[in-house]
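Below are the chains, spelled out letter by letter.
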Amino acid sequence: VFVTEDAGKAQQMLLRLSTLLRRSLDEEAHEVALRHELGFVNDYLDIQRGRFGDQLAVDLNVDADVLDARVPVFLLQPLLENAIEHGKSDGARTTIALVARRERDMLRLRITDDGPGLGHTDRVREGIGLRNTRARLQQLYGPRASVTLGDANGRAESSGTRVEISIPFQEAAP
């Protein structure tokens, strides 16, 4: 659609996509600095903003003192993809928020959306992306890592979904 309607926008999206593909092929490390991961995330989000326009808002709230924290490479993209996919409502604006903070010796990452939420079911079914994320974190950090899924505001009657990740805080090598 973009190619015929907005060639400039299509070119920008292709440039972002090629950047993402290059990074995914070039990345050999298991962990990168959060600032590096956020660069990847921004390229991914630019593509999504191109797709959804004003229907997608993203709020990144990252404390400066965690930018050099080590995180697993490509940790955030599948979680943001889930938030967009499951949080998007037809015709309604969707807001995704990413918060990164340090709490003592842990890095806390939280992604929320204001979509329809998990519903009122007793059992939430996790998808492949969340299961893979949990398995990677357990392999890298053992029992000190955690991934939790819940309602955005902690109440089943509210809309939105929240994913929280906790991993040991370690600074990346310069």
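As a reminder, the structure under discussion sits directly above these lines.
Undergrad: I keep staring at the nonpolar core and nothing clicks. Help me out?
TA: For soluble globular proteins, nonpolar side chains are generally found buried alongside one another. Ranked by size, the top nonpolar core spans 32 residues in total, and within it Leu76, Leu80, Leu107, Ile111, Leu137, Ile165 and Ile167 carry the most contacts. Secondary-structure elements contributing two or more residues to this core are α3 (34-52), α4 (76-87), β4 (94-103), β5 (106-113), α5 (128-141) and β7 (161-168). The residues contacting Leu107, other than those within four sequence positions of it, are Val66, Ala69, Val71, Arg101, Ile165, Ser166, Ile167, Pro168 and Phe169.

Undergrad: Please clarify how unusual backbone geometry should be interpreted in this entry.
TA: Phi is mostly negative for residues that are not glycine, and the peptide bonds are mostly trans. A positive phi angle, close to 60°, is found at Phe74, a residue other than glycine. Summarising the element assignment, Phe74 is placed in the loop between β3 (70-72) and α4. On the basis of relative accessibility, which here comes to 21%, the residue Phe74 falls in the partly exposed class. Although it is not a glycine, Arg104 sits at a positive phi angle of roughly 55°. On the secondary structure map, Arg104 appears in the loop between β4 and β5.

Undergrad: Can you walk me through the packing of aromatic side chains in this structure?
TA: For any pair of aromatic rings, the description rests on two quantities: the centre-to-centre distance and the angle between the ring planes. Tallied over the entire structure, the rule returns one aromatic pair. Considering the side-chain rings of Phe40 and Phe74, the 4.4 Å spacing of their centres and the 75° angle between planes classify their relative orientation as edge-to-face. Of this pair, Phe40 sits in helix α3 while Phe74 is found in the loop between β3 and α4, placing the two residues 34 residues apart along the sequence. Here the guanidinium or amino end of Arg102 rests over the ring plane of Phe169, the centre of that ring lying 3.8 Å away.

Undergrad: Any chance you could explain the sheet that holds β5 here in plain terms?
TA: Pairing is mixed in the open sheet, where five strands are placed in the order β2-β4-β5-β7-β6. The open sheet has two edge strands with one neighbour each: β2 (56-62) and β6 (146-151). Neighbouring strand axes in the sheet, compared pairwise and without regard to direction, differ in orientation by 10° on average. As paired strands, β5 and β7 are joined by eight bridges and run antiparallel to one another. For Arg110, the partnering residue across the bridge sits in β7 and is Glu164.

Undergrad: What should I look at first to understand α5 in this one?
TA: An α-helix turns once every 3.6 residues. As a result, residues three or four positions apart point the same way. The end-to-end C-alpha distance of α5 is 20 Å, a good match for the 20 Å that 14 residues give at a rise of 1.5 Å each. If you check which residues of α5 are buried, you get Leu130, Thr133, Leu137 and Tyr141. The buried residues of α5 occupy an angular sector of 60° when the element is viewed end-on, so they sit on one face. Turned more than 90 degrees from where α5 packs its buried face, Ile128 and Gln139 sit exposed. Of the residues one or two after α5, Gly142 is the one with positive phi, at around 65°.

Calculation rules
- Residues numbered from 1 in each chain as written.
- Predicted model: local features only at pLDDT ≥ 70, side-chain atom pairs only at ≥ 80, totals over all residues.
- Heavy atoms only, no water.
- Core = buried A, V, L, I, M, F, W, Y, C linked by side-chain atoms within 4.5 Å.
- Buried < 20%, exposed > 50% of the residue type's maximum accessible area, 1.4 Å probe, protein only.
- Helix = DSSP H or I, 4+ residues; strand = E, 2+ residues; numbered from the N terminus.
- Contact = heavy atoms within 4.5 Å.
- Phe/Tyr/Trp six-rings, centres within 6.5 Å; stacked < 30°, edge-to-face > 60°.
- Lys NZ or Arg CZ within 6 Å of the ring centre and 35° of its normal.
- Pairing = 2+ DSSP bridges.
- Axes fitted to C-alpha atoms, helices over the stretch in contact; angles between N-to-C directions.
- Expected span 1.5 Å × (residues − 1).
- Arc of directions from axis to C-beta.

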